Amino acid sequence: MSDCSNDTATLGASKPGTEEVKPNSEESTMAQESPKNSAAEISVTSNGEVDDSHEHGFNRDLKRSLPAGLGLSETQITSHGFDSTKEGVTEAGAFQAGGQRTQAKSGPVILADEIKNPAMEKLELVRKWSLNTYKCTRQIISEKLGRGSRTVDLELEAQIDILRDNKKKYENILRLAQTLSTQLFQMVHTQRQLGDAFADLSLKSLELHEEFGYNADTQKLLAKNGETLLGAINFFIASVNTLVNKTIEDTLMTVKQYESARIEYDAYRTDLEELNLGPRDANTLPKIEQSQLLFQAHKEKYDKMRNDVSIKLKFLEENKVKVLHNQLVLFHNAIAAYFAGNQKQLEQTLKQFHIKLKTPGMEAPSWLEEQ
């Protein structure tokens, strides 16, 4: 009897447990149906954005129904749309304190090359210029103090020295020719005024009419020949000025660039030699390689500038001989004909060199007359 009563008590105790399972199964059924309802009913706000208040409520209910060992962030909810055969997978984020879910904000990913900053580029150029200037200045000071070595091309240096010396001499000839032209212009102007004065007196002095007339004609003829000679001298001055201040000056500018390239070449050569004499380790080897590249670049620049100077000196010598030959013949013939009083020879000299004299008081022709 005791055994039967125990069995009856046991069965009586097990019935409430069975009844408690039913509510749990009903809650799980509701939890399974709630995703469908929330997936089917998607509310939209007045701004056109999806209202996720239902989603928050669903997540709270789901969190209560899940076991304590399973986090909400590990749960995936699959919903089937009514008008679509595709499945949408929604990953629920982790909850923070207060029940609010953190949403990761993601923007568009832009893949682009490294943007160069103009300020950084200018700063880099200034840095390179400063370093190059420092090395060149150090090389110049070393050469002047006799401590540094310099690269010398004996043949080219001799030609450059001759060119500079000739330029000084040509400038002196040009200055003297300009002085002669100024003085001759003043003399011609004086002779013209003197001729006008003699002509006026020949009309007013009947007793000395012929004498004043002869002198007036002579002074006017001298003034005319002086103007012809002045035209030849001015043409000579213009040609020599072009040769000295343009052609030779252009060559000397190339020489200056050659000398700057030579200083840079020697500066980087000295820098490389100092690095090669020092220790070779992991820190110095990259510097030696970089210095070798810079030295090679400046060596190529130096060789190119030396070749350019040699070519320009050669063409300058040929051009100088042609120009000065013609101008010296013109100057000699004009001076000789003028002081010999050979007006015809003086005029032929100007025609030979295609020199046109400007008539005093005559303006340049208009563009209509030139047409």
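Student: Please clarify how the overall build of the chain should be interpreted in this entry.
Tutor: The helix and strand tally for the chain stands at 8 helices and 2 strands. Listing every helix and strand of the chain by position from the N terminus yields α-α-β-β-α-α-α-α-α-α. Long-range pairs, those at least 24 residues apart, make up 70% of the contacts in the chain with a sequence separation of at least 6. When the accessible surface of the chain is summed, it comes to about 27400 Å², and 56% of that surface belongs to carbon and sulfur atoms.

Student: Sorry if this is basic, but what is going on with the nonpolar core here?
Tutor: Ile 160, Leu 184, Ile 248, Tyr 258 and Val 309 are the most contacted members of the largest nonpolar core, which has 41 residues in total. Sorting the residues of this core by element identifies helix H4 (154-204), helix H5 (209-277), helix H6 (284-340) and helix H7 (343-352) as the ones contributing at least two each. Among all residues touching Ile 160, those that are not within four sequence positions of it are Val 255, Tyr 258, Val 309 and Leu 313.

Student: It is not clear to me how the packing of H6 against H7 should be interpreted in this structure. Could you clarify?
Tutor: To characterise two packed helices, one gives the angle between the axes of the helices and the distance between these axes. As a packed pair, H6 and H7 sit with axes 8 Å apart at the nearest point and diverge in direction by 160 degrees. Here H6 lies roughly antiparallel to H7, going by the angle between them. The hand of the H6/H7 crossing is left-handed. Every residue of H7 that contacts H6 at Leu 330, Asn 333, Ala 334, Ala 337 and Tyr 338 is listed here: Gln 345, Leu 346, Thr 349 and Gln 352. A per-class count over the contact of H6 with H7 returns 5 nonpolar, 4 polar and no charged.

Student: Could you clarify how one ought to interpret the pattern of salt bridges in this entry?
Tutor: If the charged atoms of two oppositely charged side chains come close together, the side chains can form a pair. Taken as a whole, this structure holds 19 salt bridges when the rule is applied. Measuring nitrogen to oxygen at the nearest pair gives 3.6 Å for the salt bridge that ties Lys 167 to Glu 249. A residue pair is termed long-range when its members are at least 10 positions apart, and Lys 167 in helix H4 and Glu 249 in helix H5 qualify at 82 residues. Judged by relative accessible area, which is 12%, Lys 167 ranks as buried. Overall, Glu 249 belongs to the partly exposed group, its relative accessible area being 27%. Between Asp 200 and Lys 204 there is a salt bridge, and its shortest N-O distance comes to 3.5 Å. Of the two residues, Asp 200 and Lys 204 are both situated in helix H4; the distance of 4 residues between them amounts to about one turn of the helix. A relative accessible area of 62% means that Lys 204 is categorised as exposed. Among the charged side chains, a salt-bridge network with shared partners connects Glu 143, Arg 150, Arg 262, Asp 266, Arg 269 and Glu 273.

Student: How should I be thinking about the packing of aromatic side chains in this particular structure?
Tutor: The relative placement of two aromatic rings is captured by the distance of their centres and the angle of their planes. If you walk through the whole model with that rule in mind, you get 6 aromatic pairs. Between Phe 236 and Phe 331, the ring centres sit 4.9 Å apart and the planes meet at 40 degrees, which makes this aromatic pair tilted. Taken together, the positions of Phe 236 in helix H5 and Phe 331 in helix H6 put the pair 95 residues apart, joining distant regions of the chain. Judged by its relative accessible area of 5%, Phe 236 falls in the buried class. For Phe 331, a relative accessible area of 26% translates into the label partly exposed. Taking 5.0 Å as the distance between ring centres and 5 degrees as the angle between the ring planes, the aromatic pair formed by Tyr 265 and Tyr 302 counts as stacked. Residue Tyr 265 is located in helix H5, and its partner Tyr 302 is located in helix H6; the two are separated by 37 residues in the primary sequence. An aromatic cluster is built from Tyr 258, Tyr 265, Phe 295 and Tyr 302, whose rings are joined through pairwise contacts.

Student: Would you mind showing me how to read H5 here?
Tutor: Because an α-helix completes one turn every 3.6 residues, residues spaced three or four positions apart along the sequence face the same direction. Along its 69 residues, H5 runs 98 Å from first to last C-alpha, staying within 8% of the 102 Å computed at 1.5 Å per residue. At Glu 249, H5 is bent by approximately 35 degrees, the largest bend along its length.

Student: Whenever I open this one, the packing of H5 against H7 confuses me. Can you help?
Tutor: For the pair H5 and H7, the least separation of the axes is 10 Å and the interaxial angle reads 25 degrees. Here H5 is positioned roughly parallel relative to H7, judged by the angle of their axes. Once H5 is placed against H7, the crossing between them reads as left-handed. In this structure, H5 contributes Leu 221, Lys 224, Asn 225, Thr 228, Leu 229 and Ala 232 to the contact, and H7 contributes Gln 343, Leu 346, Glu 347 and Leu 350. Residue composition of the contact of H5 with H7, grouped by class: 5 nonpolar, 3 polar and 2 charged.

Student: Sorry if this is basic, but what is going on with the environment of Leu 313 here?
Tutor: Residue position: Leu 313 is located in helix H6. The class for Leu 313 is buried, based on a relative accessible area of 10%. Note: C-alpha distance between Leu 313 and Thr 251 (62 residues apart in sequence) is 7.1 Å. If sequence neighbours within four positions are ignored, Leu 313 has contacts with Leu 156, Gln 159, Ile 160, Leu 163 and Thr 251.

What counts, and where the lines are drawn
- Along each chain, numbering runs from 1 in the same order as the chain's sequence is written.
- Totals for whole chains, interfaces and linings use every residue, but because this is a predicted model, local features are given only for residues with pLDDT of at least 70 and side-chain atom pairs only at 80 or more, for both listing and counting.
- Side-chain numbers here rest on the full set of heavy atoms in the structure, without hydrogens or water.
- To qualify as a helix, a DSSP run of H or I must reach at least 4 residues; to qualify as a strand, a run of E must reach at least 2; elements of each kind are numbered from the N terminus.
- Note on contacts: a residue pair is in contact if any heavy atoms of the two residues lie within 4.5 Å.
- Surface exposure here means Shrake-Rupley accessible area, sampled with a 1.4 Å probe, where a residue is shielded only by the protein chains that are shown.
- The definition of a nonpolar core used throughout is a set of buried Ala, Val, Leu, Ile, Met, Phe, Trp, Tyr and Cys residues joined through side-chain atoms within 4.5 Å.
- Partly exposed residues are those whose accessible area sits between 20% and 50% of the maximum for their type, while under 20% is buried and over 50% is exposed, using a 1.4 Å probe and protein chains only.
- Think of each axis as a best-fit line through the C-alpha atoms, taken over the contacting stretch in the case of a helix, with angles from 0 to 180 degrees between the N-to-C directions.
- Comment on the angle field: the value is read as roughly parallel under 35 degrees, roughly antiparallel over 145, roughly perpendicular from 65 to 115, and oblique elsewhere.
- Crossing chirality is assigned from the near helix's rotation relative to the far helix, an anticlockwise turn below a right angle marking it left-handed and a clockwise turn marking it right-handed.
- Three categories are distinguished: nonpolar for Ala, Val, Leu, Ile, Met, Phe, Trp, Tyr, Cys and Pro, charged for Asp, Glu, Lys and Arg, and polar for the others, with Gly belonging to the last.
- For this document, the term salt bridge refers to a Lys or Arg side-chain nitrogen within 4 Å of an Asp or Glu carboxyl oxygen.
- Here a Phe, Tyr or Trp ring, Trp counted by its six-membered ring, pairs with any other such ring whose centre lies within 6.5 Å, and the pair is stacked when the planes are under 30 degrees apart, edge-to-face when over 60, and tilted otherwise.
- Expected helix span is given by 1.5 Å per residue-to-residue step, counting one fewer step than there are residues.
- Throughout, bend refers to the angle between the axes fitted to the seven residues that end at a position and the seven residues that start at it.

That's the geometry; what it means functionally is another story.
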